[in-house]
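Residue-level structure breakdown
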Amino acid sequence: MSRHPDLEKLNDPVTPSDGVAGVERPRGLLKALEEDAEPLLKMAHRHLVSARQVSRAQLLQLARLAAAYEIDPVLEQKPLSGQLLITAFYEPSTRTRLSFESAWHRLGGDVIPITDPSTTGIAKGESLHDVAEMLSNYGDAVVLRDSSEDSVWRMIEALRVPIINAGNGIDEHPTQALADLYALLKWRPELAKLELDPQRRIRIGIIGTPARMRTVRSLLLLLGLIASNIAEVTIINPDTDLFDPGQREELEEAGLKISISRKLKGLLPQLDVVYINSIAWIGDTYETLTGDLELSTDSPLKPGAIVLHPLARGDELDTSLDPTPHNWYFAQARGAVFIRMALLTVLMQRVYRVADAPLPIESQ
């Protein structure tokens, strides 16, 4: 008898949408957004360190370009051919590093990866200023992840090529937030409108700690760009120390209506989007969110609600949700490649009109 009872399933063809909700949505988003390259031209040859640097118009146009890439990821013209990206990941990463490297390769460039600072001059006491000087000589762009909040700022002083912040301590992770908003816009392209009817505005629950989770901090900043279409954002956490001084005030000034709930139960049926993250990188270790904040198929999720998670996950997000329509976290991770393709194209000043390369935009 075969030790693999499901061997026959290997004869079934594998499709790109297997197990991933929402992968068919980029056509609807592309159709919903009118092209305007002007906001993207303003991002050329710039660093991206904070979500605060992104305007509403830039967010929408990046999402539009990402949707075009997702529809037709095999490019006849490679805009970054001959360009070198240095990925310096001094802190563990799977999805962010691989998606950046995948994005750059798909655009035609080559990658020089650094995954261990002990293999660089930093281990011998070389300053970040001098490291940045060398990176400027050897690459055309840099992606940096570091557990220190100020490393990226110290390197900027000597960099002559764009640097992208891929996570600096507990401060920010702006490209993860771009991936989060890209998923939301594919789910509901109407969120790109200036202002929705109050009945169409969404309620978002964020399980996390804005002061100590960089993904949550950057996500909230970008949500402020579409605040007119969000009825309320509820931070769900049993802790009482959730915001840095002035953080909540900044978000409310952007137009977000923010509430706090110590418990998840009773709130779930009201939420259209549940964003869950339980891990914060604190110095050289992790801090894990505790409390009765787990999600599974037993959770009373609202019909049609989606679950987002920056991943990697722990027990807070049960695998029983994976085959359900609530699972948008896999599409969220997949879309990160295309939003980063869009961003890299723009930062390297390789913006082109999608209309010059016609794409199918019929709604799914």
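Residues numbered from 1 in each chain as written. Predicted model: local features only at pLDDT ≥ 70, side-chain atom pairs only at ≥ 80, totals over all residues. Heavy atoms only, no water.

**Comments concerning the environment of glutamate 101**
Tracing the sequence through the fold places glutamate 101 in helix 4 (residues 95-106). Considering only alpha carbons, one finds glutamate 101 and threonine 87, 14 residues apart in sequence, at a separation of 7.7 Å. Sequence-distant contacts of glutamate 101, that is, excluding residues within four places in its chain, are made with Thr87, Val111 and Pro113. At 2.9 Å, the side chain of glutamate 101 and the side chain of threonine 87 are in polar contact. (Helix = DSSP H or I, 4+ residues; strand = E, 2+ residues; numbered from the N terminus. Contact = heavy atoms within 4.5 Å. Polar contact = N/O pair within 3.5 Å; in protein donor to acceptor, adjacent residues only side chain to side chain.)

**Observations regarding the sheet that holds strand 4 (residues 163-168)**
Taken in spatial order, the 4 strands make up an open sheet running 2-1-3-4, and their pairing is parallel. Two strands in the sheet have a free side with no partner beyond their single neighbour: strand 2 (110-114) and strand 4. Within this sheet the neighbouring strands show an average axis-to-axis angle of 15°, counted without direction. As paired strands, strand 3 (residues 141-146) and strand 4 are joined by 4 bridges and run parallel to one another. Within strand 4, the residue paired with aspartate 146 across the bridge is asparagine 168. (Pairing = 2+ DSSP bridges. Axes fitted to C-alpha atoms, helices over the stretch in contact; angles between N-to-C directions.)

**Some details on the pattern of salt bridges**
This structure, assessed with the given rule, holds 17 salt bridges. The salt bridge partner of arginine 217 is aspartate 244, with a shortest N-O separation of 3.0 Å. With arginine 217 in helix 8 (residues 214-223) and aspartate 244 in the loop between strand 6 (230-236) and helix 9 (247-253), this residue pair connects regions lying 27 residues apart in the sequence. Residue classification places arginine 217 among the buried residues on the basis of a relative accessible area of 10%. With a shortest N-O distance of 2.7 Å, arginine 313 and aspartate 322 are connected by a salt bridge. Residue arginine 313 is classed as partly exposed on the basis of its relative accessible area of 26%. Given the relative accessible area of 17%, aspartate 322 is considered buried. Taken together, the shared-partner salt bridges connect Arg52, Glu172 and Glu250 into one network. (Salt bridge = Lys/Arg side-chain N within 4 Å of Asp/Glu carboxyl O. Buried < 20%, exposed > 50% of the residue type's maximum accessible area, 1.4 Å probe, protein only.)

**Looking at the side chain of asparagine 237**
In this structure, asparagine 237 sits in the loop between strand 6 and helix 9. At 2.9 Å, the side chain of asparagine 237 and the backbone oxygen of glycine 208 are in polar contact.

**A short note on the nonpolar core**
A general trend in soluble globular proteins is that nonpolar side chains are found buried together. In this structure, Leu62, Leu178, Leu184, Ile206, Leu223 and Val233 are the most contacted members of the largest nonpolar core, which totals 80 residues. The biggest single contributor to this core is helix 10 (residues 329-347), with 11 residues. With sequence-adjacent residues up to four places away left out, valine 233 is seen in contact with Ile204, Ile206, Leu220, Leu223, Leu256, Lys257, Ile258 and Ser259. If you look at the next biggest cluster of nonpolar residues, it comprises 17 residues, including Tyr90, Val131, Ala132 and Val152. (Core = buried A, V, L, I, M, F, W, Y, C linked by side-chain atoms within 4.5 Å.)

**Structural notes on the environment of valine 111**
Inspection of the secondary structure assignment puts valine 111 in strand 2. For the pair valine 111 and alanine 141, spaced 30 residues apart in sequence, the C-alpha to C-alpha distance is 9.9 Å. The contact partners of valine 111, leaving out residues within four places of it in the chain, are Leu85, Thr87, Glu101, Trp104 and His105.

**Things to note about the pairing of strand 7 (residues 258-261)**
Sheet topology places strand 6 next to strand 7; 4 bridges connect them, and they run parallel. Paired with isoleucine 235 across the bridge in strand 7 is isoleucine 260.

**Comments concerning a negative patch on the surface**
A grouping of Glu294, Asp298, Asp315 and Asp318 is seen on the molecular surface, where their side chains present a negatively charged patch. Structurally, the position occupied by aspartate 315 is in the loop between strand 11 (306-308) and helix 10. Owing to a relative accessible area of 72%, aspartate 315 belongs among the exposed residues under this scheme. (Patch = residues over 30% accessible without salt bridge, like charges linked within 9 Å, V, L, I, M, F, W, Y side chains within 5 Å. Areas by Shrake-Rupley, 256 points an atom, 1.4 Å probe, with all protein chains shown as cover. Lys, Arg positive; Asp, Glu negative; His and termini not counted. Charge placed at Lys NZ, Arg CZ, Asp CG, Glu CD.)

**Here we look at the packing of helix 3 (residues 56-71) against helix 10**
In helix packing, the relevant descriptors are the interaxial angle and the interaxial distance, both defined with respect to the helix axes. With their axes 8 Å apart at the nearest point, helix 3 and helix 10 run at an angle of 115° to one another. Considering how the two elements wind past one another, helix 3 and helix 10 form a crossing that is right-handed. Packed against helix 3, whose contacting residues are Leu62, Ala63, Leu65, Ala66, Tyr69 and Glu70, the element helix 10 presents Arg334, Phe338, Ile339, Met341, Ala342, Leu343, Thr345 and Val346 at the interface. (Left-handed = near helix turned anticlockwise from the far one by under 90°.)

**Quick notes on the environment of alanine 44**
Position of alanine 44 relative to the elements: it lies in the loop between helix 2 (38-41) and helix 3. Alanine 44 sits 118 residues away from proline 162 along the chain, and the two C-alpha atoms are 8.9 Å apart. Ignoring any residue separated from it by four or fewer positions in sequence, one finds alanine 44 in contact with Val346, Leu347 and Gln349.

**Focus on the confidence of the model for the protein**
Residues with a pLDDT of 70 or more make up 85% of the protein, whose mean pLDDT is 87. Taking the mean pLDDT of every element in the protein, the minimum, 56, falls on strand 10 (residues 285-288) and the maximum, 98, on helix 9. Segment residues 351-364: pLDDT under 50, and 26 contacts once partners within four positions in sequence are set aside and those in other chains are kept. (pLDDT = per-residue confidence, 0-100.)

**Let's talk about the packing of helix 3 against helix 7 (residues 174-187)**
One can describe the packing of helix 3 onto helix 7 by two numbers: an axis separation of 10 Å at closest approach and a directional angle of 75°. When the axes of helix 3 and helix 7 are compared, the pair comes out roughly perpendicular. Side by side, helix 3 and helix 7 meet where Leu59, Leu60, Leu62, Ala63, Ala66, Ala67 and Glu70 of the first sit next to Leu178, Leu181, Tyr182, Leu185 and Lys186 of the second. Partitioned by chemical class, the residues of the contact of helix 3 with helix 7 number 10 nonpolar, no polar and 2 charged. (Parallel < 35°, antiparallel > 145°, perpendicular 65-115°, else oblique. Nonpolar A, V, L, I, M, F, W, Y, C, P; charged D, E, K, R; others polar.)

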